[in-house]
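Structural characterization, general
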Amino acid sequence: MRVVSIERFGNPAEIVSLGERPLPEPGPGEVRVRLALSPIHNHDLAILRGVYGYRPPLPAVPGTEALGRVDALGDGVTALKLGQRVATASSNGVWAECFIAPAAKLVPLPDALSDEAACQLLAMPLSALMLLEDMKLQPGQWIVQNAANGAVGKTLATLAQTRGVQVVNLVRRDAALADLEAAGIAGGISTEHEGWQQRVAALTGGAPLVRAVESIGGDAAQQLMGLLAENGELISFGSLTFKPLLIGAEHLIFKQTVVKGYWASKRLAATPPAELARMIGELARLVATGTLKLPVDAVFDLAQAAQAMAAAERVGRSGKVLLRAE
């Protein structure tokens, strides 16, 4: 079968290549899935660079989230059937025509969802929903996030609106505001020019910002710390720049701010099945009704993996870049 392969870590577009591997056979409790579509996430790119919390042994087949059809069942698997449409966001090595996943990590999805939406339903939207619920916010409270035009940012803002939580959505470029407006997301503010902090104050009417979600790194963390209210929390969710967080003592000490990290993979592993099913059901309904939008910028075949990686890192893209195997 065809696979996307890497033999070293580095620039994603330079290290991926098309390879071949034997068709894998599922073991007990496992399922072989024939890939339909897989999104390229920021954490996939970080894995390829070797700077993520997980480093696969080399040579490796990358990819973590996928949609496909059950192609073979291992011993003891009774809850799934051949040909069933399933998704996973907690597997490795999915950028292949077929991949193996534990049956317990596969989620059947309704046919009402398009393949383009279903293939990216779990990782980013589910992470955003878990984060929102874990922040334990009340309707009317205000939070702030940067990188608001990213997949998680847009989803977090949309989900917050359904719960009555107010969000200041920061972007680094004026042009990115149009992305938020097109998604029906209010509260967008660009930090490209000086004076943006005053626009934040005008938007909130002076209401305290009790949580800040930081996804850029570097001095962007200090920007958010300057906005946070006393006893607020800054949550490090991602790192687009891969730079250490720069946080001044004047905010950390005198505001008594809490800074903590959030890795959705850990939260997902600790989530009971019933709670997980509830959250996935909510996301599926929001997508089906058009409330939650999961746009696609481009789709590439596995053989075009290098072009796909370059497209995924392009600034200003309009949605996710997907890999297909069919």
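The structure reproduced in this document is the subject of the present report. Small disclaimer: the values here were computed from a predicted structure and weren't measured.

Considering helix α11 (residues 273-288)
With 16 residues, α11 ought to run about 22 Å at 1.5 Å a step, and its terminal C-alpha atoms sit 22 Å apart, in line with that. Taken together, the buried positions of α11 are occupied by M279, I280, G281, E282, L283, A284, L286 and V287. Tucked into the core, α11 has its buried residues touching β7 (107-108), α3 (115-118), α4 (123-134), α5 (151-162) and α10 (264-269). Residue G290 follows α11 closely and has a positive phi angle near 85°.

So, the packing of aromatic side chains
Scanning all chains against the criterion turns up 2 aromatic pairs. Ring geometry for Y52 against W263: centres 5.7 Å apart, planes inclined by 90°, an arrangement best described as edge-to-face. Here the residue Y52 occupies a position in the loop between α2 (42-49) and β4 (66-73), and W263 occupies one in the loop between β13 (258-261) and α10, the gap between them amounting to 211 residues. Between F237 and Y262 the ring centres are 6.1 Å apart and the planes differ by 20°, which places this aromatic pair in the stacked class. In this pair, F237 is assigned in the loop between β12 (233-236) and α9 (249-252) and Y262 in the loop between β13 and α10, connecting sequence segments 25 residues apart. Taking the relative accessible area as the measure of exposure, F237 reaches 18% and is therefore buried.

Considering the sheet that holds strand β8 (residues 142-145)
Read from one edge of the open sheet, 6 strands run β10-β9-β8-β11-β12-β13, paired in parallel fashion. Because the sheet does not close on itself, it has two edges, and the strands there are β10 (188-190) and β13. Taking each pair of neighbouring strands and ignoring which way they run, the sheet shows an average axis angle of 20°. Where β8 lies against strand β11 (residues 209-214), 4 bridges are found, and the strand directions are parallel.

Focus on the environment of L240
Take L240: it is sitting in the loop between β12 and α9. Remark: the alpha-carbon pair of L240 and L109, spanning 131 residues in sequence, is separated by 30 Å.

Things to note about unusual backbone geometry
Along the chain, L58 connects to P59 via a cis peptide bond; the corresponding omega equals -5°. Even without glycine at this site, K136 takes up a positive phi of about 50°. Structurally, the position occupied by K136 is in the loop between α4 and β8. Residue classification places K136 among the exposed residues on the basis of a relative accessible area of 65%. A positive phi angle, close to 60°, is found at F242, a residue other than glycine. Assignment of secondary structure puts F242 in the loop between β12 and α9.

Points about the nonpolar core
Judged by nonpolar contacts, the single largest core of 43 residues is most densely connected at L109, L121, L131 and M135. When contributions to this core are tallied by element, the ones reaching two or more residues are α3, α4, α5, β11 and α11. Considering each element in turn, this core owes the most residues, 8 residues, to α4. For M135, the residues in contact, after removing those within four places along its chain, are I143, L156, R211, V213 and I235. In terms of nonpolar packing, the next biggest core, distinct from the first, is built from 37 residues, V94, A101, L302 and M309 among them.

Cut-off values and rules
- Residues numbered from 1 in each chain as written.
- Predicted model: local features only at pLDDT ≥ 70, side-chain atom pairs only at ≥ 80, totals over all residues.
- Heavy atoms only, no water.
- Helix = DSSP H or I, 4+ residues; strand = E, 2+ residues; numbered from the N terminus.
- Expected span 1.5 Å × (residues − 1).
- Buried < 20%, exposed > 50% of the residue type's maximum accessible area, 1.4 Å probe, protein only.
- Contact = heavy atoms within 4.5 Å.
- Phe/Tyr/Trp six-rings, centres within 6.5 Å; stacked < 30°, edge-to-face > 60°.
- Pairing = 2+ DSSP bridges.
- Axes fitted to C-alpha atoms, helices over the stretch in contact; angles between N-to-C directions.
- Core = buried A, V, L, I, M, F, W, Y, C linked by side-chain atoms within 4.5 Å.

By themselves these figures say nothing about function.
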